[in-house]
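Spelled out from the first residue to the last, the chains are:
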Amino acid sequence: MAKKVRIVHYINQFFAGIGGEEKGGSPLEHCEGPKGPGVGLMQQIGGDAEIVRTIWCGDNLVNQETERILPGIAELIREAKPDVVIAGPAFNAGRYGLACGMVGRLCSQTLKVPVLIGLFPENPAVEIYRKDAWIYPCAETAAGMRKDLPGIAKMAVKLGREGKLGPAIEEGYLPRGFRANEYVEKNAAQRAIDMLMKRLAGQNPPTEIPLRGFEKVAPAAPVQDLSKATVAIVTGGGMVPRGNPDKLKQAFADAFGTYSIEGLAELPAGDFKGIHGGYDSTWVDEDPDRVVPLDALRQLQKEGAFGSLLEEYVVLCGIGTNVAMSKKLGAEIAEQLKRKEVSAAIYTST
């Protein structure tokens, strides 16, 4: 009987059952055996492998104090002597994805242990860490957990046994950006003719050299005369009037809100509240101008830095929204601002 593959599993504080955003500073901890999604992974893995240790840490802590936390994670992984490390799945969660990417780079560059990360293909961590780890393409949210776990389990066991995977097009992980030479029966000319004949026959054979497409976005022309310009505030920080009158989503935005600031020198605490699902809103609830900088812009307007301020601001929650929906909402916001003869917009994030 083949030896069981030893797995170390890294998750965040939410999936460890510690808490949500309010527990983002939770310390580095661990337990022996599976925890959280690891229990589901073990159901899929069966007797081929075992999760020998689960490690977790608050997303805020590992992203803000990386140099202090990563050595501790490294030591916990070394002690467990895994054949493979699984990080996540983090789906489209930004900070969780980045934390998993850091663990991936730690494993590949320092610990020399194979590592598999579960990420939604548009998670920002994919582009940063794709060369440091094999990345399993997950659903956008944890609603897809049940469908993703079987694929992650299968891929992790193979990676733990063999130490590597075959080509992305065959194995199903996200391409890592590496190209390897290999010997095949037919030379390039023969393969090209075969592909051409298949195309002529109405088939769609995959290319051997997929080209990445980069979208080019032309920058807007600079404002010629700020003294006559109307400036608008747009924010992805989720600061809405008390009660969230338009019921904007805390994440995965599919709409935006527009709210009046006429007659206000600043956004009064208590009348506005942060609903963004990606950060702890305590500090911005104390001073909403930290997200919607109305006080600073009123002062700049008095000083003559620009002509006028649009007496309303536009808001949504900029977390987890896919590219297609982001383009749609962006175009709608831009069209609305153009109709109101806005010259420039200041976009604030979290």
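Quantities reported herein were computed from a predicted structural model and do not represent experimental measurements.

Turning our eyes to something else, we now look at the state of the cysteines. Scanning the entire structure with this criterion turns up zero disulfides. Among the cysteines around C57, which has no disulfide bond, C100 carries the closest sulfur, lying 11 Å off. By relative accessible area, which is 0% here, C57 ends up buried. For the unlinked cysteine C138, the closest cysteine sulfur is that of C100, found at 9.6 Å.

So, about the packing of aromatic side chains. This structure, assessed with the given rule, holds five aromatic pairs. Taken together, a centroid distance of 5.1 Å and an interplanar angle of 85 degrees make the contact between F14 and F15 edge-to-face. Using a relative accessible area of 52% as the deciding quantity, one classes F14 as exposed. F15 sits in the buried class, given a relative accessible area of 18%. Taken together, F14, F15, F91 and Y96 form an aromatic cluster joined through their ring pairs. Looking at K35, its charged tip hangs above the ring of W56, at a distance of 5.2 Å from the centre. One residue, R176, lies across the ring of W134, its end atom 4.3 Å from the ring centre.

Thresholds, definitions, all that
Residues numbered from 1 in each chain as written. Predicted model: local features only at pLDDT ≥ 70, side-chain atom pairs only at ≥ 80, totals over all residues. Heavy atoms only, no water. Disulfide = S-S within 2.5 Å. Buried < 20%, exposed > 50% of the residue type's maximum accessible area, 1.4 Å probe, protein only. Phe/Tyr/Trp six-rings, centres within 6.5 Å; stacked < 30°, edge-to-face > 60°. Lys NZ or Arg CZ within 6 Å of the ring centre and 35° of its normal.

Fair warning: the whole summary comes from geometry, so function is off the table for now.
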